[in-house]
Amino acid sequence: HTRYWRDWSSDVCSSDLTNQKGIAWITAQSLRQGTTSRSAEEFASELDTLGATFAVNVTRDAAQVVVGAHRDQLDAVLEIMSDAVINPRFDEAAFQQTRRQVAVQLGKAATTPAAVADDRLAMLMFGAHPYAHPLRGDVEALVGTTSDHARTFHRERWRPDHAVLVIAGDVDTATVFAQA
């Protein structure tokens, strides 16, 4: 497995980027919409061809991109993952697609007791702190979020010098360092 992990807890705590709830979530979800060199379809097709998995996750402390693949595919998967993390596509059509997906996620979360309880507990525990914000934001924030907001958030927060790359599995250390 190949894991790219990016911690932005200090960034979220120190400034909430114009108080845009959910900006971290929608930015991370945008990584699935292809890159500046790959359409979303090409991105998904390449992962499928390699038998690789690609997942993004955002918590109150960090964002993670997790890619799983056979060790023989490591070099190709590292390149695809790097492209997704460094060069995501924030064009308007791709961003609107991501926004629709997040709207569906918000609707589902609003009817899931565990998600409602988690958001409510965070609000009660953290008050005015950014940790109190729902991870996915809310409908009002989503409507006000633009592709420029996500692009700016990505440019300021998703930087290789703030990232940790973790590679785990049956791999040769020297080979992995060379590939990374």
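Residues numbered from 1 in each chain as written. Predicted model: local features only at pLDDT ≥ 70, side-chain atom pairs only at ≥ 80, totals over all residues. Heavy atoms only, no water.

**Q** How should I be thinking about empty space enclosed by the protein in this particular structure?
**A** Taking a probe equal in size to a water molecule and rolling it over the atoms shows the remaining empty space. Tallied over the full model, the rule gives two cavities of 30 Å³ or more. Space inside the second largest cavity adds up to approximately 40 Å³. Lining the second largest cavity are K21, G22, I23, I26, V102, R136, G137, D138, A141, L142 and T145. The set of elements that each furnish at least two residues to the lining of the second largest cavity consists of helix 2 (23-30) and helix 7 (139-144). (1 Å grid on protein atoms, 1.4 Å probe; cavity = no way out; pocket = protein on both sides within 12 Å on 5 of 7 lines; lining within 4 Å. Points joined across faces, edges and corners; volume = space filled by probe spheres on them. Helix = DSSP H or I, 4+ residues; strand = E, 2+ residues; numbered from the N terminus.)

**Q** Is there a simple way to explain the confidence of the model for the protein in this structure?
**A** Parts of the model with low pLDDT should not have their predicted coordinates read in detail. Averaged over every residue, the pLDDT of the protein is 85; residues scoring 70 or more account for 89%. Per-element confidence in the protein is highest for helix 3 (residues 40-50), whose mean pLDDT is 95, and lowest for helix 1 (residues 9-14), whose mean pLDDT is 38. Note on residues 1-18: pLDDT is under 50 here. Beyond four places in sequence and across chains, it has 71 contacts. (pLDDT = per-residue confidence, 0-100. Contact = heavy atoms within 4.5 Å.)

**Q** Teacher, can you tell me more about the pattern of salt bridges here?
**A** Think of it this way: side chains of opposite charge can pair up when their charged atoms draw near. Across all of its chains, the model carries nine salt bridges by this definition. For D119, the salt bridge identified is with R60, shortest N-O distance 4.0 Å. With a gap of 59 residues between them, D119 in helix 6 (residues 113-126) and R60 in the loop between strand 2 (53-58) and strand 3 (62-68) connect regions that are remote in the sequence. Judged by its relative accessible area of 17%, R60 is buried. Ionic pairing is found between R151 and D148, a salt bridge with its closest N-O pair at 2.5 Å. Separated by three residues within a single helix, R151 and D148 lie in helix 8 (residues 147-157), roughly one turn from each other. Classification of R151 by relative accessible area gives partly exposed; the value is 31%. On the accessibility criterion, D148 (48% relative accessible area) is partly exposed. In the salt-bridge network here, residues are joined through shared partners; they are R38, E46, E79 and D83. (Salt bridge = Lys/Arg side-chain N within 4 Å of Asp/Glu carboxyl O. Buried < 20%, exposed > 50% of the residue type's maximum accessible area, 1.4 Å probe, protein only.)

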